[in-house]
Number of protein chains: 4
Amino acid sequence: MNAFGRLFRVNVFGESHGASVGVNIDGVPAGLPLTAEDFLPDLERRKGGSRGTTPRKEDDLPHLKSGVFNDRTTGAPITILFENNNTRSADYEKLREFPRPGHADFVATEKYGGYEDYRGGGHFSGRLTLNLVAAGVIAKKLLGDKINVTARITEVGGIADAEAGLEAAIAAKDSVGGIVECTVDGLPIGLGEPFFDSVESLIAHAVFAIPAVKGIEFGAGFAAAKMKGLEHNDPILDKTGKTATNHAGGVVGGITNGNQLVFRIAVKPTSSTPKEQHTLNVKSGEVETFSVKGRHDLCIALRVPVVLEAVTAMVLADLMLQEQRIPRVWK
Amino acid sequence: MNAFGRLFRVNVFGESHGASVGVNIDGVPAGLPLTAEDFLPDLERRKGGSRGTTPRKEDDLPHLKSGVFNDRTTGAPITILFENNNTRSADYEKLREFPRPGHADFVATEKYGGYEDYRGGGHFSGRLTLNLVAAGVIAKKLLGDKINVTARITEVGGIADAEAGLEAAIAAKDSVGGIVECTVDGLPIGLGEPFFDSVESLIAHAVFAIPAVKGIEFGAGFAAAKMKGLEHNDPILDKTGKTATNHAGGVVGGITNGNQLVFRIAVKPTSSTPKEQHTLNVKSGEVETFSVKGRHDLCIALRVPVVLEAVTAMVLADLMLQEQRIPRVWK
Amino acid sequence: MNAFGRLFRVNVFGESHGASVGVNIDGVPAGLPLTAEDFLPDLERRKGGSRGTTPRKEDDLPHLKSGVFNDRTTGAPITILFENNNTRSADYEKLREFPRPGHADFVATEKYGGYEDYRGGGHFSGRLTLNLVAAGVIAKKLLGDKINVTARITEVGGIADAEAGLEAAIAAKDSVGGIVECTVDGLPIGLGEPFFDSVESLIAHAVFAIPAVKGIEFGAGFAAAKMKGLEHNDPILDKTGKTATNHAGGVVGGITNGNQLVFRIAVKPTSSTPKEQHTLNVKSGEVETFSVKGRHDLCIALRVPVVLEAVTAMVLADLMLQEQRIPRVWK
Amino acid sequence: MNAFGRLFRVNVFGESHGASVGVNIDGVPAGLPLTAEDFLPDLERRKGGSRGTTPRKEDDLPHLKSGVFNDRTTGAPITILFENNNTRSADYEKLREFPRPGHADFVATEKYGGYEDYRGGGHFSGRLTLNLVAAGVIAKKLLGDKINVTARITEVGGIADAEAGLEAAIAAKDSVGGIVECTVDGLPIGLGEPFFDSVESLIAHAVFAIPAVKGIEFGAGFAAAKMKGLEHNDPILDKTGKTATNHAGGVVGGITNGNQLVFRIAVKPTSSTPKEQHTLNVKSGEVETFSVKGRHDLCIALRVPVVLEAVTAMVLADLMLQEQRIPRVWK
């Protein structure tokens, strides 16, 4: 299934070099002001074009196909389509003999019997994160002005100065990974549940839907495993739940505690490195060298923050609806 | 909701000091041999009693209340109940004025209006991991002999030698966290889907249902963020999909690739440290010092491996059913 | 799956002659007053013992195993268990060679490979409607005093006077079917959605979970198919949505319209008729005559009203939660 | 939510006079041959234009926006879009003061705060049944040649000869309802489950998603309520499960029994009758007379059979996938 959410439900579809990519979002309250322009800032943030990102240029204009009338949501499912125009599929057809390491080529052929759309990663393409960003724009609007979801690069290729990390990658002519941190301010106490609907469970579920993410940690995260209890515990200071430290990252017992929600994710290096690689040639059955052509990001992590904000906002909007903190009809 | 899974669906319930904890598992194929004895080894592994774990002793006998007949599953939902006998609720009643740092006391009262069962953590208690272990036993049986799910402690309190880490904690009279690694051998290629049903999404979702988990990483995980593409990519060596390295941790594009599935989780230090702490006294409105009484684990991570295996097996059994690799009637 | 509901989610389990039957209900708001006594009136209504119903007597005492503390719901999943004491399984074991017409014996063996618990219908037994009734008691409490769900027998064996219909059946020494009508007063406008979450879709889904139901119609129902538009349309009279007639049965476009919700269901004759029948003997492979032994209802429809109220209340409570008309914490 | 299905999951969206209507179908196995032409016969059957149906003409060409590559399904979600070209919205704008009886106008405004797209019924429009038909085409292909889903009109305006019933309606200048019967031949034994996943529950759920349906009955249906047990029971004749009669309609205990699946639905008269009606004028607050303009079907039931086949096929394809009788990769 390509869907997520209980009351704010997001379905993604499309292929990189097919007719389109798009998203269907069910459960959005009626009356929320919404126009195509609302999507542009976040779509622009996601776009390639700057140093270290793909030179493929798409207009990425969101076409609102349903659920919006007179610039407001209607309460019916919202469908947003992005047409694919700037496709160079020929780049990919000749590559089928080399299932690219780090890409889904090999597993897709095994799973879908060779019927998958293999062009440009097909349904596995990072281009589908357009859909997540679009859903995130709506989710952020529902969260309102008092709740701020912010993600930023904190490390590229192991270097805290992202600019320097990228320069090092360009110099090395190889792709690099990175760390992205997301914080959410202004959340009420009480979102989430123990066990399967913990805030961590839901956010992690959504976050690993972003291609290239290989790890997530909340608050002190992996560092917590090296801490002692007294050091790690966050003393509660007052009746608003404010804590002296925030090693928990804003979630206790699976539930938001009124402090800043904080988590970090690890993004692997772009699989399509400019370096020559070796891997199986499925026709010859031999391991051979090959090079990935096409247009790719050197550091895909650079484009992740807005996507990370989007999936986080999706989860939180759903939980806010469940806790009846977002009305069914928007005022 | 306290449920997870599409075709192998697990519902957990119960409270630490209530009548019972239990689990309802729907979707188990008919005909699987199953007796109460099958649960004992994993339940025993989960139990407290050794150094660094709680001295609370419960029989933890699984009562099969439905879904099993003549020592085989019937295809109907399976319900397993564990009675609570060894409860000392008085330990907790006097503590209500101090919402314990790191515990759900404060958020539970905010969320449930004070109606929550606060005794021993109530529904938030680690005792409910009994349910996960029980579900995991059935899931492991469905996975069969060729698929092996194994978790082990790799670090306690920042020390790779778990024994030494525990001794350090005992000496320091404080609780400690730890790292647990889980590997799965023998998985077929093709479990999982891109985006929301990625293997990472589903496992992370289930894993964060385990209390005290604060991070998860697959394969190279956070280290991948510091790697270059050529280094990180796993060259495919042959038509079985075997790769030269396994930085992906056995999952590419959200789908198992036939290599070992590997991931690690970070477990925070037990919140109930023996140390004196300070936190809000909700009656006085002042920050005061207090001590947690009751019976607690010094290092909860020590009890996590069998629980981690269980939730992993749950996810994999569900995916195997979806891929039609486990039959509807067991042979 | 043996579960239903989005925010008020009911899981049923158990077997007629197994250890127990029971129900797990997730999503119930915290703070709702609830004791075992609350269940007794509706359980009593469901019970056999009067003329035309089974002489099997069970105490049917609800055991609250989780989710209730100090006589209030806690917000955690509620599990209710009914022990089976008065079982006479030997009645059934000898019958296995005759898969009883109208019963699930034959299909269960085909589907579950013979591993099903066949005693007394096993998991298919009408005894599991205890679970539905129990869930319904909680749902009714959530609906509050202003919303009244009422079901009543309107026909037995084709005779509008139920008493007379039952007498005719007793005289004929055969089982009979019946019609049950359910009305709901006090519903707000706006529950349900067009298409798959229409009120009719959800109620029909839940209603066909009751064994022996073979038809459902809303408002004018099948009679509407014979009507003309002008006759069938319900003119709206005022701004509260009150209509002059109620052929729609209180639902338009899948959504409640503020008028009385009305629907009727058809209940087939009890399959276990006292008459001698003929059917396949699976051992001999021949069609032979046989008689159903055991203790059975002559008219199962007589016991359906309280079950019908229960599943209706379940659906409505879920929709009321979705429309934020029932709070997350009960006041 | 506007979605239905567990493994074959259908999401409908769109508005009658908006940009488009469409459907997203997730879970379709890879490799199924599929082209736009495959949809035309069933879309043609659904179309208006003949006597008694709307003169509105749309091309109704399905645009495959995702999930199909080289004329085969890829295993990724399939999105099908139908553009709206032939809209005359002005017909509707002036009608807002009269919420049309039998239509969703009044409840939609109450539920969605007036933000709904009211033109031509908006999201409530029968035009969205295009989506159901499209999903049904795929479902039917998955069911294969051996399973035949067939629906036909059996009654119009209370007259068994549909042609005569329609003539009577035309003469009376009023709309009429009708009965549609659906049969499915070739089903295996074992689809469905007792209680909430009974075949009746699932089909009824899907069927009431079709606008104007007000009743459903399986097998003998409402007539069963008047029958005696011996008469109603279907004796099993042989080991294939063939029964002498089929009062059960092919479902026992919620599970298909290998006989023909039979059910009937009641369709109400088209709410948009040509007759002058009276209803509330929401501006004046008075009950006034008015006439529905626009282009409408005199007997909507005439267009229902292909839609009924579609939703039935959807449910059955899902159950066949669950029972592993449809492979994950199509051969």
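Keep in mind that what you see is a predicted model, and the values were worked out from it rather than measured. (Residues numbered from 1 in each chain as written. Chains lettered and ligands numbered in written order. Predicted model: local features only at pLDDT ≥ 70, side-chain atom pairs only at ≥ 80, totals over all residues. Heavy atoms only, no water.)

1. Re the sheet that holds strand β1 (residues 3–4) of chain A
Residues and elements named next belong to chain A.
Here comes step 1: A sheet is described by the order of its strands in space; here 5 strands give the open sequence β1-β2-β3-β7-β4, paired in antiparallel fashion. Each end of this open sheet is capped by a strand with a single partner; those strands are β1 and β4 (63–66).
Here comes step 2: Here strand β3 (residues 20–26) pairs with strand β7 (residues 78–83) via 6 bridges, running antiparallel. The residue bridging asparagine 24 from the neighbouring strand is threonine 79, located in β7. (Pairing = 2+ DSSP bridges. Helix = DSSP H or I, 4+ residues; strand = E, 2+ residues; numbered from the N terminus.)

2. What about the relation of the copies chain C and chain D?
Here comes step 1: At an RMSD of 0.0 Å, chain C and chain D line up after a rotation of 180° and a shift of 0.0 Å along the axis. A rotation of that kind, with that shift, is consistent with a two-fold axis.
Here comes step 2: A shared interface surface links the copies, since 100% of the contact residues of chain C are contact residues in chain D too. (Least-squares fit on C-alpha atoms with pLDDT ≥ 70 in both. Contact = heavy atoms within 4.5 Å.)

3. With respect to the pairing of strand β13 (residues 261–267) of chain B
All names here are of chain B.
Here comes step 1: For β13, the buried fraction is high: 7 of the 7 residues fall into the buried class.
Here comes step 2: The two faces of β13 match: Leu261, Phe263, Ile265 and Val267 on one face and Val262, Arg264 and Ala266 on the other face are all buried.
Here comes step 3: In this sheet, β13 lies alongside strand β9 (residues 178–185) in antiparallel orientation, the contact comprising 7 bridges. Its bridge partner being in β13, isoleucine 179 is matched across the sheet by alanine 266.
Here comes step 4: Note that strand β10 (residues 213–218) and β13 share 5 bridges and pair antiparallel. From the neighbouring strand, isoleucine 216 faces β13, where its bridge partner is isoleucine 265. (Buried < 20%, exposed > 50% of the residue type's maximum accessible area, 1.4 Å probe, protein only.)

4. Some details on the packing of helix α4 (residues 129–143) of chain B against helix α8 (residues 304–322) of chain B
The angle between the axes and the distance between the axes are what describe a pair of packed helices.
All names here are of chain B.
Here comes step 1: Contact geometry for α4 and α8: axes closest at 7 Å, N-to-C directions at 45°. Relative to α8, α4 is oriented oblique. When the axes of α4 and α8 are compared, the crossing they make is left-handed. Residues Thr129, Leu132, Val133, Ala135, Gly136, Ala139, Lys140, Leu142 and Leu143 of α4 touch α8, and the partners they reach there are Val306, Val307, Glu309, Ala310, Val311, Ala313, Met314, Leu316, Ala317 and Met320. (Axes fitted to C-alpha atoms, helices over the stretch in contact; angles between N-to-C directions. Parallel < 35°, antiparallel > 145°, perpendicular 65-115°, else oblique. Left-handed = near helix turned anticlockwise from the far one by under 90°.)

5. Structural notes on the interface of chain A and chain D
Here comes step 1: Each partner contributes residues to the interface: chain A has 43 residues there, and chain D has 43 residues.
Here comes step 2: Interface of chain A and chain D: buried area, both sides summed, is about 3,100 Å²; carbon and sulfur atoms make up 62% of it.
Here comes step 3: Of all residues in chain A, A:Met1, A:Phe69 and A:Tyr115 bury the most surface against chain D, accounting for 22% of the area lost on that side.
Here comes step 4: For the pair chain A and chain D, the number of links is 2 salt bridges.
Here comes step 5: For the pair chain A and chain D, the number of links is 6 residue pairs in polar contact (both at pLDDT 80 or more).
Here comes step 6: The set of elements that each furnish at least two residues to the side of chain A that touches chain D consists of β2 (9–14), β3, β4, β6 (72–73), β7 and α3 (105–112) of chain A.
Here comes step 7: Considering each element in turn, the side of chain A that touches chain D owes the most residues, 5 residues, to β2(A). (Buried area = accessible area lost by both parts, 1.4 Å probe. Salt bridge = Lys/Arg side-chain N within 4 Å of Asp/Glu carboxyl O. Polar contact = N/O pair within 3.5 Å; in protein donor to acceptor, adjacent residues only side chain to side chain.)

6. Structural notes on the pattern of salt bridges
Residue and element names in this part refer to chain A.
Here comes step 1: If you walk through the whole model with that rule in mind, you get 80 salt bridges over all chains.
Here comes step 2: Between glutamate 181 and arginine 152 there is a salt bridge; the shortest N-O distance is 3.6 Å. Of this pair, glutamate 181 sits in strand β9 (residues 178–185) while arginine 152 sits in strand β8 (residues 148–156); the two residues are 29 residues apart in sequence, bridging distant segments of the chain.
Here comes step 3: Glutamate 181 gets classed as buried once you look at its relative accessible area, which sits at 16%.
Here comes step 4: Ionic pairing is found between glutamate 217 and arginine 264, a salt bridge with its closest N-O pair at 2.9 Å. Residue glutamate 217 is located in strand β10 (residues 213–218), and its partner arginine 264 is located in strand β13 (residues 261–267); the two are separated by 47 residues in the primary sequence. Residue glutamate 217 shares its accessibility class with arginine 264, and that shared class is buried.
Here comes step 5: Within the structure, one salt-bridge network assembled from shared partners comprises Asp42, Arg45, Lys140 and Glu309.

7. Looking at the relation of the copies chain A and chain D
Here comes step 1: Rotating chain A by 180° about the axis while translating it 0.0 Å along that axis superimposes it on chain D, leaving an RMSD of 0.0 Å.
Here comes step 2: Here 100% of the interface residues in chain A have copies in chain D that are interface residues too; the copies meet face to matching face.

8. As for unusual backbone geometry
Here comes step 1: Positive phi outside glycine occurs at A:Gln324, with the angle close to 65°.
Here comes step 2: For A:Gln324, a relative accessible area of 22% gives the class partly exposed.
Here comes step 3: Located in the positive-phi region is B:Ala212, a residue other than glycine, with phi close to 85°.
Here comes step 4: When you line up the elements, B:Ala212 lands in the loop between α6 (199–207) and β10.

9. Some remarks on the sheet that holds strand β4 (residues 63–66) of chain D
Residue and element names in this part refer to chain D.
Here comes step 1: Spatial strand order, β1-β2-β3-β7-β4: 5 strands in an open sheet with antiparallel pairing. Each end of this open sheet is capped by a strand with a single partner; those strands are β1 (3–4) and β4.
Here comes step 2: Where helix α4 (residues 129–143) meets the sheet, it contacts β2 (9–14), β3 (20–26) and β7 (78–83), and its direction lies at approximately 30° from that of β3.

10. Description of the interface of chain C and chain D
Bring the parts together and some accessible area is lost; that lost area is often taken as the interface size.
Here comes step 1: Between chain C and chain D, the contact holds 103 residues from the first and 103 residues from the second.
Here comes step 2: Summing the contributions of chain C and of chain D, the shared interface buries around 8,000 Å²; its carbon and sulfur component is 66%.
Here comes step 3: A per-residue breakdown of the area chain C buries against chain D is headed by C:Phe195, C:Phe196 and C:Lys214, which together make up 12% of the total.
Here comes step 4: We note a salt bridge from C:Lys226 to D:Glu155, for which the minimum N-O separation is 2.7 Å.
Here comes step 5: Our enumeration of links across chain C and chain D arrives at 50 residue pairs in polar contact (both at pLDDT 80 or more).
Here comes step 6: For the side of chain C that touches chain D, the element with the highest residue contribution is strand β10 (residues 213–218) of chain C, accounting for 6 residues.
Here comes step 7: Here the residues of the side of chain C that touches chain D are counted per class, giving 51 nonpolar, 32 polar and 20 charged.
Here comes step 8: One ladder, built from 3 bridges, connects β10(C) with strand β10 (residues 213–218) of chain D; its direction is antiparallel. (Nonpolar A, V, L, I, M, F, W, Y, C, P; charged D, E, K, R; others polar.)

11. Considering the UniProt feature "binding site: FMN" (unreviewed entry) in chain A
Here comes step 1: Those residues carrying the UniProt feature "binding site: FMN" (unreviewed entry) are A:His123, A:Phe124, A:Ser125, A:Gly253, A:Lys268, A:Pro269, A:Thr270, A:Ser271, A:Ser272 and A:Arg295 in this numbering.
Here comes step 2: Those residues in contact with A:Phe124 that lie beyond four places of it in its chain are A:Ala104, A:Ala108, A:Tyr112, A:Pro211, B:Pro194, B:Phe195, B:Gly253 and B:Ile255.
Here comes step 3: Inspection of the secondary structure puts A:Ser125 in the loop between α3 and α4 (129–143).
Here comes step 4: Owing to a relative accessible area of 9%, A:Ser125 belongs among the buried residues under this scheme. (UniProt positions renumbered as here; feature names shortened; annotations may be inferred.)

12. Describing the side chain of C:Asp117
Here comes step 1: By the element assignment, C:Asp117 lies in the loop between α3 (105–112) and α4 (129–143).
Here comes step 2: C:Asp117 sits in the buried class, given a relative accessible area of 5%.
Here comes step 3: With near-sequence residues (within four places) excluded, C:Asp117 lies in contact with B:Phe69, B:Thr74, C:Glu15, C:Gly18, C:Gly122 and C:His123.

13. What to know about the packing of aromatic side chains
Here comes step 1: Inspection of the entire model under this criterion finds 26 aromatic pairs over all chains.
Here comes step 2: On the basis of an interplanar angle of 85° and a centroid distance of 5.3 Å, the ring pair of C:Phe208 and D:Phe218 is categorised as edge-to-face. Of the two residues, C:Phe208 is situated in the loop between α6 (199–207) and β10 and D:Phe218 in strand β10; the pairing between them involves two chains. Both residues of the pair, C:Phe208 and D:Phe218, count as buried.
Here comes step 3: One aromatic cluster in this structure is built from A:Phe208, B:Phe218 and B:Phe263. (Phe/Tyr/Trp six-rings, centres within 6.5 Å; stacked < 30°, edge-to-face > 60°.)

14. Thoughts on the UniProt feature "binding site: NADP(+)" (unreviewed entry) in chain A
Residues and elements named next belong to chain A.
Here comes step 1: Under the feature "binding site: NADP(+)" (unreviewed entry), the UniProt entry names Arg46 and Arg51.
Here comes step 2: Among the secondary structure elements, arginine 46 is positioned in helix α1 (residues 40–46).
Here comes step 3: Relative accessible area serves as the criterion here: at 4%, arginine 46 is assigned to the buried category.
Here comes step 4: Within the element layout of this structure, arginine 51 appears in the loop between α1 and β4.
Here comes step 5: The class for arginine 51 is partly exposed, based on a relative accessible area of 48%.

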